[in-house]
Amino acid sequence: MRKSVGRLIAVFVAVFGLAVMGTGPAQAATPDGAAQSACGSGYYIQRKATIGWGASVTAYLLYNSSSHNNCAVTVKHSDMGWVYGTATGLGAGIQAEGGSMKKDQGNYKYYAGPVYLNAPGKCVRFWAYFEEYGAGPSHDILYTSPYGNCG
């Protein structure tokens, strides 16, 4: 009887644990993986910048050579504590030289974006916004990359 109860508990813990671990949209093992999942199949990372006092988020510029589209995503790191999985201020943006900035900004649990831009023959830059929390009041962190990845 003890062995049966022990096995039942072990099976329950294993099944429940797997169910809990698999929850949450676009959660990947790494921020790089989350960015690639958010943009979709065929996108690869061209540039990235980790921002925040605690290196809390990473802003990405990705590219798909088949569609010639650029993609911008800002991803929270899973080691952020309570902020990861909680909707807080986050933004991603992308701009072609001579064009206007396209942004996705709001309160997000895991990532902002994706923001897509087709810009053949143009240099592009990416932008990120992050509402960082610490011991004191929250503060906004903004990042804008230089133009690059021209063509």
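Scroll up a little and you will see the structure.
All values derive from a computational prediction rather than experimental measurement.

About the thresholds
- Chains are numbered independently. Their residues run from 1 in the order of the written sequence.
- Since the coordinates come from a predicted model, pLDDT governs what is reported: local features require at least 70, and pairs of side-chain atoms require 80 or more to be given and counted, while whole-chain, interface and lining totals use all residues.
- Just so you know, side-chain values use all the structure's heavy atoms and leave hydrogens and water out.
- A strand pair is defined by DSSP finding two or more bridges across the two strands.
- Strands are runs of DSSP state E lasting at least two residues, helices are runs of H or I lasting at least four, and both sets are numbered from the N terminus onward.
- Only the stretch in contact is used when a helix axis is fitted, and all axes are lines through C-alpha atoms; the angle between N-to-C directions ranges over 0 to 180 degrees.
- Contacts: residue pairs with any heavy atoms within 4.5 Å of one another.
- As used in this record, nonpolar core signifies buried Ala, Val, Leu, Ile, Met, Phe, Trp, Tyr and Cys residues forming a set joined through side-chain atoms within 4.5 Å.
- Relative accessibility under 20% of the residue-type maximum defines a buried residue, over 50% an exposed one, and the middle range a partly exposed one, all with a 1.4 Å probe and only protein chains included.
- Under the counting rule used here, the positive set is Lys and Arg, the negative set is Asp and Glu, and His together with the chain ends is not counted.
- By definition here, a salt bridge exists when the distance from a side-chain nitrogen of Lys or Arg to a carboxyl oxygen of Asp or Glu is within 4 Å.

**Here we look at the sheet that holds strand E2 (residues 57–64)**
One open sheet accounts for 4 strands, arranged E1-E2-E3-E6; its pairing is antiparallel. Both outer strands of the open sheet, strand E1 (43–51) and strand E6 (111–118), are each paired with one neighbouring strand and no more. Ignoring strand direction, the axes of neighbouring strands in this sheet form an average angle of 15 degrees. For E2 and strand E3 (residues 69–76), the ladder comprises 8 bridges, and the chain directions are antiparallel. Opposite Asn 64, over in E3, you have Asn 69 as the bridge partner. Each of E1, E2, E3 and E6 touches helix H2 (residues 31–39); the most contacted strand, E3, lies at about 135 degrees to it.

**So, the nonpolar core**
Ranked by size, the top nonpolar core spans 20 residues in total, and within it Ile 51, Val 57, Ile 94, Leu 117, Val 124 and Phe 130 carry the most contacts. Secondary structure elements with two or more residues in this core: E2, strand E4 (88–96), E6 and strand E7 (124–132). Ignoring anything within four residues of it in the chain, the contact list for Ile 51 reads Ser 56, Val 57, Ala 128, Phe 130, Ile 141 and Tyr 143. Core analysis: the next-biggest nonpolar cluster, separate from the first, contains 10 residues, Tyr 60, Leu 62, Val 73 and Val 75 among them.

**A word on the side chain of Glu 131**
Within the secondary structure, Glu 131 is located in strand E7. In this structure, Glu 131 is buried with no salt-bridge partner, the nearest side chain bearing the opposite charge being Lys 76 at 8.0 Å. In this structure Glu 131 touches Thr 88, Gly 89, Asn 107, Ser 138, His 139 and Asp 140, once residues within four positions along its chain are discounted.

**Overview of unusual backbone geometry**
Here Gly 113 and Pro 114 are connected by a cis peptide whose omega angle stands at 5 degrees. You can see Pro 114 is positioned in strand E6. Positive phi outside glycine occurs at His 68, with the angle close to 60 degrees. As for its position among the elements, His 68 is in the loop between E2 and E3. Residue classification places His 68 among the partly exposed positions, given a relative accessible area of 44%. Unusually for a residue other than glycine, Asn 149 sits at a positive phi of about 50 degrees. Structurally, the position occupied by Asn 149 is in the segment after strand E8 (139–144). Among the residues examined, Asn 149 registers a relative accessible area of 30% and is labelled partly exposed.

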